[in-house]
Amino acid sequence: MPTRAELEQLAGRLRDLQAPPAAHRPLPTGWGAIDRALTPHTGPAGGEREPPTGGLPGGAIHEWFLDLEERPAPASAPPDRDNWFAPLALLTHLAWRTIEAGDAQDGAAGRLVVWIGRRCRVFVGAMAGLPGAAPSARTLIARSLVVNPPDGASALWAIDLALRSPAVGAVVADARGLDMACSRRLQLAAEAGGGLALLARPARERAALSAAATRWLVRPTPARPGVWAPSARWSVELLRRKGTTGWSGPSANGGRRWILEMNRAQGVVCVPADVADRSGEASPAPVRVSA
Amino acid sequence: MDHGRQIVGARCERAARAGVDIGMTIAHARALLPRSPEPLLEPHRPDRDDAALGALAAWLLRFSPIAAPSPPGCVLLDIAGCERAFRGERRIVRLVAEAMRRMRLHARIGVAPTYACARAVAMFAPEAATIVADGAVRAALEHLPLRAIDPEPEAERALMELGVERLGQLFDLPRASLPGRFGAELLMRMDRALGAAIETIDPVREPDPPRAARLFEGPTTQTEALALAARQALDDLCLALRSRERGARRIEVLLLRIDAPPVRFAIALSRPARDPRHLWTLLAARLERVNLGFGVEGVEMTAAALGRLPHEQDERWTEHAARTSAATTRATGELIDTIVDRLGAESVLRPEPVESHLPERAQRLRPAMLPPLRPAALDALAIAHAPRPTALLDPAEEALVLAVTPDGPVAMVRWRDRERRIATSLGPERLAQEWWRDERRASVADLSTLARDYFAVQDEDGLWLWIYRDGDTAKWFVHGLWA
């Protein structure tokens, strides 16, 4: 019969195996409430290690859907026009955070952000929302690479290659029509390379199966009245987080929603709870960790 | 150093004007020079001076195929026949002078029918740049001091005792008596300067590009054999590159075929590289597509364009080692090369800010194969005072807009078959077009109609749109949105 000490040692080793490798640190998004909600919970006996900081899980792919409530294109529209957009303000902010976090780490300085796809470009307007405006914008532009793949298969190949490269910190890509096998392959590539993949997909695909670590639905919401400059506001909802028991859909009461606002002074910030309707449950409901 | 004292080996113009001479002690020199700014002292290393002169001669090969350093401080170029290429001797002189100025080198130039005359004129003539015509050699040399033809010290001393100080007086002396009294060397130098004797120089040569080859005993059509030979040649080439501390930016491969013309292809790299693994992934793809014909007899590889690639520490444990910036640069280069190899050179781009107030022109993309931008070029990035949308539509899409008054707030926008009532309307902001680019400017009498009035509007759902009214046609367009 194994002794208690041996069992505890075994439990410690199993916990170490389950913990993510050091290269895959979570990326702090800079949005306080979201970071707190994304903190993984450690077990009751895991007190020796310091609690990991919260943020988007590193070494994984994340899917972002922007819902502008578009109706399908009428028959008179040109056949190749696509009615969807990527939530570029948020993705630019996250890309910049990846660079900043990478530079702060010793071994990951100088990494790139790769933008793949026609819809995912780095625009000057999106960069006005970065904190520290012009110098941050210059850093982001200096570290960006834009790839123009001619079709979907080469786009997937390019995303895979970029994720596996040690020089890449984040990939922002246009991933329309991704199926389960492809997303699993991209998830493996992200784990191998340690980078972060932010995939933008049209909102109508949010029912599709995918191997993404987190899935987010972004919807514009009305700004507070009396603004003198466009301060766009979005309601961001975490549809799914891998490794947790789900809430059964975006409209269920257990859904997690936060309000993010972009203004020139502070960039993209998380608006506190008292303004919005559902966001900001101070203590998240206990989550059972399942495999 | 002389008997433990430090003496001056060479000095610049300003120090020479202050009275510092070669051979005086440092303490004396310091006393002659003003206290501020501090005079700059460096140990005199003649070997490094010679190496630098050789490098300068190699750089000057762009003006002439024959260039030789002539220490101390002189480079000889043979420009016979180069005037056609550069449209005249004067132009060559001007280009060289400007190049030296850009390199911050103080240079004096002399052009003459003989090397010795050119050197003499360059060093001792009153003007900074002198051109001596064909028949005017003797006249140009007459007023120069004896040192201009670099005689031996004893001969020079003997001539000075006689009172001969200028070359004109030397030429007037009887020729036959010169070898006996002053040595044969003096007569030879005089003849070289005047053109009566030939002077040869030792030109500097550019090193050959590194090359590696594998030749077979007989023709083969097996791709595995060819791949093996090519891989070995590539390893040799990378070894040669490493010994020169260079990386290849362009590798040309030549496959010798029997009974058929040879096959040539080249791969281009975004950064200098000498890693056989990375180069092989690019080359192998090309080799497989080659038509072997009746058989291949040999493979030859040349690194046609080189770039500096300093040595770096070998990473043996890549998953544990801290990634240095050199490794990241190399990984970036490999990523760009691999994507370009499969998707084409125009498929990988870098964003570059452009000085323009129009948001659709504020940025352009340039191919990543070109070297990355200097940081100063990024200063053109202007964050506009008025807010700009995060996503731009290209081209702008037409919309139907209802406004309360012609220049007033917007009430309703119908875009993409959906009517949106507007809750907030900000504007107008007038952006004048870049009239110097617009083709319509010739036909438009009033340039103010080429302007656009922009409004930032928010609909009831919270979506912000950026719309404008064209000054010319009075139509409304949606140009962007805050996604």
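Because the structure is a prediction, the values reported are computed rather than measured. (Residues numbered from 1 in each chain as written. Chains lettered and ligands numbered in written order. Predicted model: local features only at pLDDT ≥ 70, side-chain atom pairs only at ≥ 80, totals over all residues. Heavy atoms only, no water.)

Overview of the pattern of salt bridges
Residues and elements named next belong to chain B. Formally: Salt bridges are defined by distance alone: a side-chain nitrogen of Lys or Arg within 4 Å of a carboxyl oxygen of Asp or Glu. Counting from the N terminus, the helices are the DSSP runs of H or I reaching at least four residues and the strands are the DSSP runs of E reaching at least two. Residue exposure (1.4 Å probe, protein chains only): buried if accessible area is under 20% of the type maximum, exposed if over 50%, otherwise partly exposed.
Across all of its chains, the model carries 29 salt bridges over all chains by this definition. The partner of Asp453 in a salt bridge is Arg430, with the nearest N and O atoms 2.9 Å apart. Pair noted here: Asp453 is in strand E14 (residues 451-459) and Arg430 is in strand E13 (residues 418-432), with a separation of 23 residues, a long-range link. On the basis of relative accessibility, which here comes to 6%, the residue Asp453 falls in the buried class.

A look at unusual backbone geometry
Residue and element names in this part refer to chain B. A positive phi angle, near 60°, is found at Arg87, a position not held by glycine. Locating Arg87 in the fold gives a position in the loop between helix H4 (83-86) and helix H5 (89-102). By relative accessible area, Arg87 is classed as exposed at 63%. Even without being a glycine, Ala474 presents a positive backbone phi close to 60°. Structurally, the position occupied by Ala474 is in the loop between strand E15 (464-470) and strand E16 (476-481).

Considerations on the side chain of Arg111 of chain A
Threshold: N or O atoms closer than or at 3.5 Å make up a polar contact, with two conditions inside protein: a donor-capable atom paired with an acceptor-capable one, and, for residues adjacent in sequence, both atoms drawn from side chains.
Counting through the fold element by element, Arg111 of chain A comes out in the loop between helix H3 (88-104) and strand E2 (112-116). In terms of polar contacts, Arg111 of chain A uses its side chain to reach the backbone carbonyl oxygen of Val168 of chain A, at 3.5 Å.

Points about the environment of Glu152 of chain B
Among the structural elements, Glu152 of chain B can be located in the loop between helix H7 (137-141) and helix H8 (153-162). Between the C-alpha atoms of Glu152 of chain B and Phe182 of chain B, which are 30 residues apart in sequence, the distance is 8.9 Å.

Things to note about the sheet that holds strand E11 (residues 391-403) of chain B
One key point about sheets: their strands pair by backbone hydrogen bonds, in either a parallel or an antiparallel sense. Rule in force here: Only strands that DSSP links by at least two bridges are regarded as paired with each other. Helix axes use the C-alpha atoms of the stretch in contact, all axes being lines fitted to C-alpha atoms, and the angles between their N-to-C directions lie in the range 0 to 180 degrees.
Strand order in the closed barrel formed by 6 strands is E11-E12-E13-E14-E15-E16 (chain B), and the pairing between neighbours is antiparallel. Strand-to-strand twist in this sheet, taken as the mean axis angle between neighbours without regard to direction, amounts to 45°.

Describing the confidence of the model for chain A
Residue and element names in this part refer to chain A. This is how the line gets drawn: As a per-residue quantity, pLDDT reports the predictor's confidence and falls between 0 and 100. Residues count as neighbours in contact if any of their non-hydrogen atoms are within 4.5 Å of one another.
Per-residue confidence for chain A gives a mean pLDDT of 74, with 68% of residues at or over 70. This stretch, residues 246-254, has a pLDDT under 50; its non-local contacts, to residues over four places away or in other chains, come to 9 contacts. Scored below 50 in pLDDT, residues 276-291 makes 20 contacts in the model with residues more than four places away or belonging to other chains.

Focus on the pairing of strand E1 (residues 66-70) of chain B
All names here are of chain B. Here E1 runs beside strand E2 (residues 74-78); their pairing, made up of 5 bridges, is antiparallel. Bridge pairing in E2 places Ser70 opposite Cys74. The antiparallel pairing of E1 with E2 creates a hairpin that spans 3 residues between the two strands, and Gly73 there sits at a positive phi of about 80°.

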